[in-house]
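Summary of structural features
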Amino acid sequence: MRRILLILTLLLTLVCLSAAAQTDAQFSQYYEVPTYYNPAAVGRTDFLSIHGGGRMQWVGVKNAPKSFLLSADMPFKVFGKRIGAGIVMGQESIGLYKTLTLDAQLGYKFKKWGGEFTAAVQLGMYDQSFKGTEVVLPDDDDYHQGTDDGIPTQDLHGTAFDIGAGLWYEHRHWWAGVSCTHITSPTVSLNSGEGGTGGSSDTQNIYSFKAGRVVYFMAGGNIPLKNTLFEVMPSVLVKSDFTFTTAEVTARARYRKFLSFGLGYRYDDAVSATIAAEFKNFYVGYTYDYPTSSIAKASSGSHEIMVGYRMKLNLGDKNRNRHKSIRLM
């Protein structure tokens, strides 16, 4: 077990300039936070939409991923044109690494083919840190020494500019979108801020992290069942970093626009079960993932909670419900 933990730690260690990886966090309730994967999903409705969520992956495995997400988006009009805007923040910790992303999103909307297209761009920062002071090498390790310059022993940190873009189509009963995050494959140079970044005091900027491009395809629907109070809401998410590709499908049913439940499957990874409730523009959902891979021998599964709130907006000049100062009433 100690050797396995050592290997996992070394795999998570950024020790070469050309390193690249798929870095976006994973959420089973992806359909509730589409702007995290596609900036063109901003302003889908006439609401200010706010969502937050957390995920504990592979409970029982030491240093397993923990993710947090916060997003907000809304529509507005400029010169009679419908625009969507949003912000999204994501944080994920894996072992000794912590990744923070903060992005601003802006999309242009136009009607076509009975629905609405949105083309959007996303600008932000990609922040990476590594807790090198917590690196531990076993005394009997045959491959590394405690003074190995390839393994940082100081805390490292760096930030890079990041760009994303996407296209989204919203129809009455279905939606679909394609996007790409980390378009420029930003490289984060990791520094200790103390004149060195590793075991050697005269070595600087030899550690870096390259965020690989990730392409997403999302699609889903909302199909009312005739003569019933139920709706069927299937969805799919496909993602690829050009080295590894995976997909997950989810089938949900909603009763009276209040209580929903569903099952999902992520290829070669996990099956999931979700239950959620919506009441007076509030949303709360819980998902449990059970791994189908060999990680099930060490983990009891993953837990995810998502909450949200929607506020009706009417920013037009003819809004009859505009707020007035009590001094003028």
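We now examine the environment of N38. Residue position: N38 is located in the loop between β1 (20–21) and β2 (47–59). What makes N38 buried here is its relative accessible area of 0%. Sequence-distant contacts of N38, that is, excluding residues within four places in its chain, are made with G166, L167, W168, G177, V178 and S179. A distance of 2.8 Å separates a polar side-chain atom of N38 from the backbone nitrogen of A40.

The full count for this structure, using the stated rule, is 13 salt bridges. Notably, a salt bridge pairs R266 with E248, separated by 3.3 Å at the nearest N-O pair. Here the residue R266 occupies a position in strand β15 (residues 259–266), and E248 occupies one in strand β14 (residues 245–255), the gap between them amounting to 18 residues. With relative accessibility at 4%, the residue R266 sits in the buried group. A residue is classified by how much of its surface remains accessible, and E248, at 4% relative accessible area, is buried.

The next thing to look at is the nonpolar core. Ranked by size, the top nonpolar core spans 21 residues in total, and within it F27, Y36, Y37 and M218 carry the most contacts. Contacts of F27, omitting those with residues within four sequence positions, involve Y36, Y37, R55, S67, F68, L69, E248, E304 and M306. Counting 13 residues, the second-largest nonpolar core is a separate cluster that includes Y97, Y126, I151 and Y207.

The rules we used
Residue numbers run consecutively from 1 along every chain, following the written order of its sequence. Local features in this predicted model are restricted to residues whose pLDDT is 70 or higher, and side-chain atom pairs enter the listing and the counts only when it is 80 or higher, whereas totals over whole chains, interfaces and linings include all residues. Working from all heavy atoms in the structure, the side-chain values ignore hydrogens and water. Each helix is a run of H or I in the DSSP string that is no shorter than four residues. Each strand is a run of E no shorter than two, and both are numbered from the N terminus. Think of it in three bands: residues with accessible area under 20% of the maximum for their type are buried, residues over 50% are exposed, and the middle band is partly exposed, with areas taken using a 1.4 Å probe on protein chains only. What makes two residues a contact is simply this: any of their non-hydrogen atoms within 4.5 Å. Any N or O atom pair separated by 3.5 Å or less is treated as a polar contact, with the protein-specific requirement of one donor-capable and one acceptor-capable atom, and with residues adjacent in sequence counted only for side-chain atom pairs. Here, a salt bridge means any side-chain nitrogen of Lys or Arg that lies within 4 Å of a carboxyl oxygen of Asp or Glu. The set of buried Ala, Val, Leu, Ile, Met, Phe, Trp, Tyr and Cys residues whose side-chain atoms join them within 4.5 Å is what this entry labels a nonpolar core.

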